[in-house]
Amino acid sequence: MGIARFLAQGDTVSRSVALSLLVLSVASWVVIAWKAWMLRRAGGDVVRTVACVWQSPTLDAARGAAPAFDRHALVTPFLAALGAPMAGATLAHAGDSSQQRTRVLRGALQAASVRLQFGQVLLATIGAVAPFIGLLGTVWGIHHALVDIAGAGQITIERIAGPVGEALVMTAAGLAVAIPAVLAYNLFGRRIARIEAELEGFAQDLRDLPGTVAAGS
């Protein structure tokens, strides 16, 4: 009722603030739902795929079996980065085989990290700006209400309390948008860190695996 009355009595700025909070809330919950689903699958997939790799008799066998477990393609790029040797005269082929393996595996790790981190910036941004957008709506609503009250020529606590209270709802709305985004950002950040640690350990083990060479080296 307070928000409906606030919007009914508000101007373009008030409605724009409310619409912005609505858009941010929808975007936040879409990202939260998608990342919760994605990270839950990815965490299990990484564990199963890494186990599949180490249970394979050869690297070629691992390349064939791993994709069935790696639905988000977080582990298989590491295997694809290691292949048959090729002659080359570019900087990518500089250094010994260990340095080349380190370079291509680092690239695969960074690509996996980008996929895992997708959406985190949006959640952080929403968590940071939503309270201020709500505060802007409150300040503007209070200003608008006080101008209307002053124009009426009679100022009483009853005439002030209603409009000001309705304007304060916008601050609460901003917090309601920001809090889930911040909580999800922190929760997902911990899950991503665990998956990245697993991938980093896997990359280090692959780098030290005897007989592997970098693709294109």
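Scroll up to find the structure this text is about.
Residues numbered from 1 in each chain as written. Predicted model: local features only at pLDDT ≥ 70, side-chain atom pairs only at ≥ 80, totals over all residues. Heavy atoms only, no water.

Thoughts on the overall build of the chain
Heads up, the rule is: Runs of E in the DSSP output that reach at least two residues are strands. Runs of H or I that reach at least four are helices, and both are numbered from the N terminus. What makes two residues a contact is simply this: any of their non-hydrogen atoms within 4.5 Å. For every accessible area listed, the method is Shrake-Rupley and the probe measures 1.4 Å; residues are considered covered only by the protein chains on display.
Helix and strand counts for the chain come out as 7 helices and 0 strands. Taking as baseline every contact in the chain between residues at least 6 positions apart, the subset at least 24 positions apart corresponds to 80%. Element-wise, carbon and sulfur atoms account for 67% of the exposed surface of the chain, whose accessible area totals about 11800 Å².

Considerations on the nonpolar core
Stated formally: Only buried residues count toward a nonpolar core, which is a set of Ala, Val, Leu, Ile, Met, Phe, Trp, Tyr and Cys residues joined through side-chain atoms within 4.5 Å. Only protein chains enter the accessibility calculation, which uses a 1.4 Å probe; a residue is then buried when its area is under 20% of its type maximum, exposed when over 50%, and partly exposed in between.
Among the nonpolar cores identified, the biggest contains 39 residues, and F78, L79, L116, L199 and F202 are the most heavily contacted of them. For this core, the elements supplying multiple residues, two or more each, are α2 (12–55), α3 (59–65), α4 (76–80), α5 (97–117), α6 (120–152) and α7 (157–207). Apart from the residues lying within four places of it in its own chain, the contact partners of F78 are L105, A108, L109, L199, F202, A203 and L206.

Points about unusual backbone geometry
Not every positive phi belongs to a glycine, and A73 is a case in point at roughly 50°. Along the chain, A73 falls in the loop between α3 and α4.

What to know about the side chain of K35
The criterion, for reference: Charge counting follows a simple rule: Lys and Arg are positive, Asp and Glu are negative, and His as well as the terminal groups are ignored. Salt bridge, as used here, is a side-chain nitrogen of Lys or Arg placed within 4 Å of a carboxyl oxygen of Asp or Glu. Any pair of nitrogen or oxygen atoms within 3.5 Å is treated as a polar contact; in protein, a donor-acceptor pairing is required on top of that, and neighbouring residues in sequence qualify only through side-chain atoms on both sides.
Structurally, K35 can be placed in helix α2. The buried charged residue K35 lacks any salt bridge, with E196 as its nearest oppositely charged partner at 9.2 Å. At a separation of 2.8 Å, a polar atom in the side chain of K35 contacts the main-chain carbonyl oxygen of F118. Those residues in contact with K35, other than ones at most four positions away along the chain, are R40, L116, Q117, F118, G119, Q120, F188 and I192.

Quick look at the environment of W54
By secondary structure assignment, the location of W54 is in helix α2. Excluding anything up to four places from it in sequence, W54 contacts F202, D205, L206 and L209.

Topic: the pattern of salt bridges
Within this structure, the stated rule accounts for 3 salt bridges. Here R48 ties to D45 by a salt bridge, and the two come within 2.8 Å at their closest N and O atoms. Here D45 and R48 lie together in helix α2, a separation of 3 residues that amounts to about one turn. The buried category is assigned to D45, whose relative accessible area is 1%. For D45, the salt bridge identified is with R71, shortest N-O distance 2.9 Å. Placement of the pair is D45 in helix α2 and R71 in the loop between α3 and α4, with a sequence separation of 26 residues. Residue R71 is classed as partly exposed on the basis of its relative accessible area of 45%. Salt bridges linked by common partners bring D45, R48 and R71 together as one network.

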